[in-house]
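Each chain, letter by letter, is given below.
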Amino acid sequence: MMKQLNKIPALQDGAQVVIIGGGIIGCSTAYHLTKMGWKDVVIVEKGELTSGSTWHAAGLVGQLRSERNITRMLQYSVSLYDQLETETGLATGWKMSGCLHLASTRERMYELKKGATTARSFGLEMQIISPGEAHDLCPIISLDNIIGAAFMPTDGQADPAGITQALAKGARNRGAKIYEHTLVTGFEFDNNRVSAVQTDRGNIKCEILVNCTGIWGYQVGKMLGVNTPVVPFQHQFLVTEAIEGLPPNLPTIRDKDSLLYYKEEVGGLVMGGYERNGIPWGVDGVPDDFTSQLLDADFDHFQQLSEPAMQRTPCLAEAGISRLVNGPEGFTPDGDAIMGPAPELENVFVALGFNAFGIAAGGGAGRMMAEWIIEGEPSLDIWPLDIRRFGPYHRSRAYNVERTREVYGKHYTIHWPHEEHRSARGIRRSPLYFPLKENGAVYGAKYGWERANWFAPQGTAPEDELTFEIPNWFEHVAAEHQNARENVVLIDQSSFCKFEVEGPGALAFLNRLSANQIDRPVGKVTYTQMCNERGTIECDLTVGRLANDRFMLVVGTAFGQRAMWWLNHHLPAHGSVSIREMTSAYAVINVIGPKSRELLQSLTNSDISNAGFPFSTCKNLAVGHAPVMSFRLSYVGELGYELYIPMEFAVYVYESLWAAGQDFGVKNAGYRAIASMHLEKGYADWGSELTPEYTPFDAGLGFCVALDKDDFIGKKALARIKSEGPKWKLCTLTIDAGRPLMLQGSAPVISNAEVLGVTASCGYGHTLKKNICYAYIPTEKDDPAKGFEIESYQEVYPANLEPGRVLYDPERKKILV
Ligand SMILES: Cc1cc2nc3c(=O)[nH]c(=O)nc-3n(C[C@H](O)[C@H](O)[C@H](O)COP(=O)(O)OP(=O)(O)OC[C@H]3O[C@@H](n4cnc5c(N)ncnc54)[C@H](O)[C@@H]3O)c2cc1C
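Residues numbered from 1 in each chain as written. Predicted model: local features only at pLDDT ≥ 70, side-chain atom pairs only at ≥ 80, totals over all residues. Heavy atoms only, no water.

Draft legend 1. Looking closely at the site of the ligand. Every one of the 36 residues lining the ligand counts as a neighbour, but Glu45, Ser53, Thr54, Glu329 and Ala360 are closest to it. Within the contact set of the ligand, a nitrogen atom lies 2.8 Å away from a backbone nitrogen or oxygen of Leu60. Ala360 is positioned such that a nitrogen or oxygen atom in its backbone is 2.8 Å from an oxygen atom of the ligand. Compared with its free state, where it exposes 1000 Å², the ligand has 98% of that area covered by protein. Every element with two or more residues in the shell around the ligand is listed here: helix 2 (24-35), strand 12 (231-240), strand 16 (321-331) and helix 10 (358-375). Of the residues assigned to the shell around the ligand, the class counts are 18 nonpolar, 15 polar and 3 charged. (Near = heavy atom within 4 Å. Polar contact = N/O pair within 3.5 Å; in protein donor to acceptor, adjacent residues only side chain to side chain. Areas by Shrake-Rupley, 256 points an atom, 1.4 Å probe, with all protein chains shown as cover. Helix = DSSP H or I, 4+ residues; strand = E, 2+ residues; numbered from the N terminus. Nonpolar A, V, L, I, M, F, W, Y, C, P; charged D, E, K, R; others polar.)

Draft legend 2. Representation of the pattern of salt bridges in the model. Applying the stated criterion to the full structure yields 31 salt bridges. The partner of Arg545 in a salt bridge is Asp519, and the shortest N-O contact between them spans 3.1 Å. Of this pair, Arg545 sits in strand 24 (residues 537-547) while Asp519 is found in the loop between helix 14 (506-513) and strand 23 (525-531), placing the two residues 26 residues apart along the sequence. Between Lys813 and Glu811 there is a salt bridge whose closest N-O contact spans 4.0 Å. (Salt bridge = Lys/Arg side-chain N within 4 Å of Asp/Glu carboxyl O.)

Draft legend 3. Region of the structure containing the sheet that holds strand 16. Here 8 strands make up an open sheet; going across it, the order is 5-6-4-13-14-15-12-16 and the pairing mixed. If you trace the sheet from one side to the other, it starts and ends with strand 5 (127-129) and strand 16, each paired once. On average, adjacent strands in this sheet sit at an angle of 20° to one another, irrespective of strand direction. Pairing between strand 14 (residues 260-265) and strand 15 (residues 268-273): 6 bridges, direction antiparallel. If you follow Glu264 over to strand 15, its bridge partner there is Leu269. Across the sheet, helix 8 (residues 299-312) lies against strand 4 (99-103), strand 12, strand 13 (252-255), strand 14, strand 15 and strand 16, angled at about 120° from strand 15, the strand it touches most. With respect to the sheet, helix 11 (residues 397-409) is in contact with strand 12, strand 15 and strand 16, its orientation differing from that of strand 12 by roughly 30°. (Pairing = 2+ DSSP bridges. Axes fitted to C-alpha atoms, helices over the stretch in contact; angles between N-to-C directions. Contact = heavy atoms within 4.5 Å.)

Draft legend 4. A look at the side chain of Glu450. Tracing the backbone through its elements, the reader meets Glu450 in strand 20 (residues 449-455). At 2.7 Å, the side chain of Glu450 and the side chain of Arg425 are in polar contact. When sequence neighbours within four positions are dropped, the list of residues in contact with Glu450 reads Arg425, Gly426, Arg428, Arg429, Tyr433, Tyr443, Gly444 and Ala445.

Draft legend 5. Quick look at the nonpolar core. By size, the foremost hydrophobic cluster in this structure holds 79 residues, and its most contacted members are Leu510, Leu553, Ile589, Leu599, Leu643, Val653 and Leu657. Sequence-distant contacts of Leu643, defined by excluding residues within four places in its chain, comprise Ala587, Val588, Ile589, Val591, Leu600, Val628, Met629, Ser630, Val653 and Leu657. Of all hydrophobic cores here, the second largest spans 50 residues; its members include Ala30, Leu33, Ala168 and Leu385. (Core = buried A, V, L, I, M, F, W, Y, C linked by side-chain atoms within 4.5 Å. Buried < 20%, exposed > 50% of the residue type's maximum accessible area, 1.4 Å probe, protein only.)

Shown next, in the form of structure tokens:
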């Protein structure tokens, strides 16, 4: 070791970017930062390059993921790996062998067809093939139970260490410095920034820090004060000796119904998989000296994979076993990687927790990180991987371990539409949780909250049936929807994220961030987006002006952390504005439907008529004996009132509304009824339609852009886009299939055999009795006279491009009464 250390160059004093971790992700980040022109980049690695999870990865490079943009990120990895050896002169072991996906069940075929349909939307080839064709491609498989298959010809396999060394060489060639055998032990802080990295070989100053420490991410995060919910799990694969007659050009194989994957390696097979009962390891901290090491092979635990594997590939039974590799890998509570700007600090980024797809993701993830650091945003909207998706409840290690265990076990199981997780549930409950449960609420979880998805009438089991076809709750949601359109419903929306922004600088601050005009009279509620300098959407929210210098901001359930980050990131330094999160202070009951006014009026002396309480305003009311602040808004296209109720009054208000509501036909409604009504009304949501890829003009929200007000973030770009005309248009398409369709997400929208875009929100409008989808379409192709089609699970349906986005009550007669 002494000899080795003598060779290590002395640590430099400082660098523009310091990356901790010399695995594939750290090296790819350095490669792409230098490729984009930033030279002053340093990697600090406690062992040698690749000595964490990277060196022992199996090396399968698959591209298909359930999220479209993540598949595109992986598609970029493949294009990079295809030329990396030529660029750097280092062997990468990259082989575009293709990947064969097997299906033993009808539901798996649905998934494969969905994958093939999604892949087609951006030109990635994936063929659905017969069992016989699968056997031709891969003669070592037994076709027992196989009902179909898919082949992705551009997938492949690589030598993980080779790819990483090549990325490192590319980075070094352009100026990056790599310090191995240098352990990061702590940090120096300057206010909300990391100013220097402390190592066992001295300190190094930095302007930007990137945490790429894989399974060590949690503990390095702890040193930084950044919550990084990565959980190491054991992961095993078997390596055989050479198998006689094994075809050299064997594709990689995924037999997810048997929980297995395979690849060819030096004439033998590598076989691994994802057992249902994964084993966490080192959850309280991984030793710093765990370098280039493996865990003890656990043959007993692996038996649940090796037995089905011997049936699928009988040649395994005869093969000599070379070794069983047991290496830890970083998994996460939702099965996606953790990337992006750490919300707790101003100059720290994170890229780790790759859930056993770090080799496949490596190239693309490094590029996304470099774009994030240099340009402020990655070129693809990868919100599902964004660290800001985690909430305060992810600070619990117990929660993260429990949920990650379930998600690890589901790595290869069918991903059902509307599937909810079962572990670590019930942690955030509204005061109405039990009253609603007594009334049949069937809960789903979002951002830790239990939210009623639908209500099972008496005699109906309060459970979701998992299916790709019409589910058991469909008719019950239809009844809730109908009651909202005809009478009145109560919806518990307590999970909304709420912030109070206050102070002498509050108005100027919010007006600088918002595209809409916030300077309106006290009592006004404004719907607005907050955009970045490119004019694309960062947040979508309503802002109620409670006093001259006090505002209430309401954001969708899962986007609180992201909104808070955006607000904090732009907060003026002089202390004239304060922000308080109020989510836990107020329960929210939405009283909505044509009879909502009569119902609410029966419990309050305040004037809540259209004249006394107009649409898009807020007002303090006494509801019975409870103080309530109400926003008169509509989330579903009916007359309605959102009641913001101090938590301790919530049950009382609900009981009062329920009792009084019996005369008005009141019923409960859940989030699936909201989704159906929302679609009919043409409303868009952040994360589905409203994302940093699109501007308010693209989304049909030009009425929210006040170009006549003083400077605001994104104004220049939005003014230009308005004068040139937006390139995209968020459209509504309907399918008259004569029956409800359960359409897949991100389904290609086709016209004249050209894929114009993909669907965003999709569902069934129970009032209109139509299948409804939103999709962004290039504006020059927005011609309802042309024929359109939507492809879902490889079925092609003729679709109508609706002339307007709003199908239900476009004149807003139901709301403005
Ligand atoms: C058995 C197994 C099979 C796999 N098979 C595949 C596969 O087929 N395909 C695929 O895509 N993925 C696969 N993976 C996943 C893949 O290996 C990982 O996702 C990937 O290697 C993660 O890379 P990384 O750079 O994030 O982490 P790592 O490679 O672990 O790099 C993190 C680095 O940070 C360093 N570090 C940590 N703490 C400090 C500190 N305090 N100071 C300095 N340095 C520090 C570590 O030494 C380490 O080198 C597999 C994983 C396992 C375990």
